[in-house]
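# Fold and geometry: a report
Below are the chains, spelled out letter by letter.
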Amino acid sequence: MIRVAIDPTNPGQFFACCGLLELADRLWPGAEGWFEKESFHVKCEGTLEQLIDKLLTTQLTLIESEDIYSSPGRLAEPFDLRLDWWLDKRSGGTSLKP
């Protein structure tokens, strides 16, 4: 079980919780998340420490190695996740959206 204190009115923290749930579900399939007052909970087989340890030891590679500033990235197994939310063609915007 993972529990993180958050400000539920902060959009950045809301989306960080979504990312945390995504990573937990990729590591422990079937993970479930919910908000409760000023905390976010993830019911899963592991802990936040285990998730962070795994994340820190997982290889991240640039998909476009010549573009070190805005290339999409690939987070290797066990997450197997393409990171490219800032790209115009995928997000519908016209500039980098940090």
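An account of the accompanying structure is given in this report.

Calculation rules
Residues numbered from 1 in each chain as written. Predicted model: local features only at pLDDT ≥ 70, side-chain atom pairs only at ≥ 80, totals over all residues. Heavy atoms only, no water. Helix = DSSP H or I, 4+ residues; strand = E, 2+ residues; numbered from the N terminus. Buried < 20%, exposed > 50% of the residue type's maximum accessible area, 1.4 Å probe, protein only. Contact = heavy atoms within 4.5 Å. Areas by Shrake-Rupley, 256 points an atom, 1.4 Å probe, with all protein chains shown as cover. Polar contact = N/O pair within 3.5 Å; in protein donor to acceptor, adjacent residues only side chain to side chain. Axes fitted to C-alpha atoms, helices over the stretch in contact; angles between N-to-C directions. Parallel < 35°, antiparallel > 145°, perpendicular 65-115°, else oblique. Core = buried A, V, L, I, M, F, W, Y, C linked by side-chain atoms within 4.5 Å.

What follows concerns the overall build of the protein. A tally of regular secondary structure across the protein gives three helices and six strands. Burial status across the protein gives 28% buried among its 98 residues. The long-range share in the protein, meaning contacts at least 24 apart out of those at least 6 apart in sequence, stands at 36%. On the protein, roughly 6,900 Å² of surface is accessible, and the fraction owed to carbon and sulfur atoms is 55%.

Glycine aside, residues mostly have negative phi angles, and peptide bonds mostly take the trans form. Look at the link from E77 to P78: it is a cis peptide, with omega at 15 degrees. Turning to its location among the elements, P78 is positioned in the loop between β5 (73-75) and β6 (81-83). With a phi angle near 55 degrees, K37 is a residue other than glycine that sits in the positive phi range. A residue is classified by how much of its surface remains accessible, and K37, at 78% relative accessible area, is exposed. Positive phi outside glycine occurs at D80, with the angle close to 45 degrees. Given a relative accessible area of 38%, D80 falls into the partly exposed group.

This paragraph deals with the side chain of S71. Its place among the elements puts S71 in the loop between β4 (60-62) and β5. Engagement of the side chain of S71 in a polar contact is seen with the backbone nitrogen of I63, the distance being 3.3 Å. Among the polar contacts made by the side chain of S71, one reaches the main-chain amide nitrogen of E64 at a distance of 2.8 Å. Excluding residues within four positions of it along the chain, S71 makes contact with L62, I63, E64 and W86.

The description of two packed helices rests on the angle between their axes and on the distance between the axes. Two numbers describe how helix α1 (residues 11-27) lies on helix α2 (residues 48-56): the axes approach to 11 Å, and their chain directions differ by 85 degrees. Considered as vectors, α1 and α2 are oriented roughly perpendicular to each other. Contact residues: L20, L23, A24 and L27 in α1; L48, L51, K54 and L55 in α2.

With that out of the way, let us pick up the nonpolar core. Membership of the largest hydrophobic core comes to 16 residues, with the highest contact counts inside it found for I2, W28, V42 and L51. Of all the secondary structure elements, the ones that give two or more residues to this core are α1 and β3 (39-43). The contact partners of V42, leaving out residues within four places of it in the chain, are M1, I2, L20, L21, A24, A31, E32 and G33.

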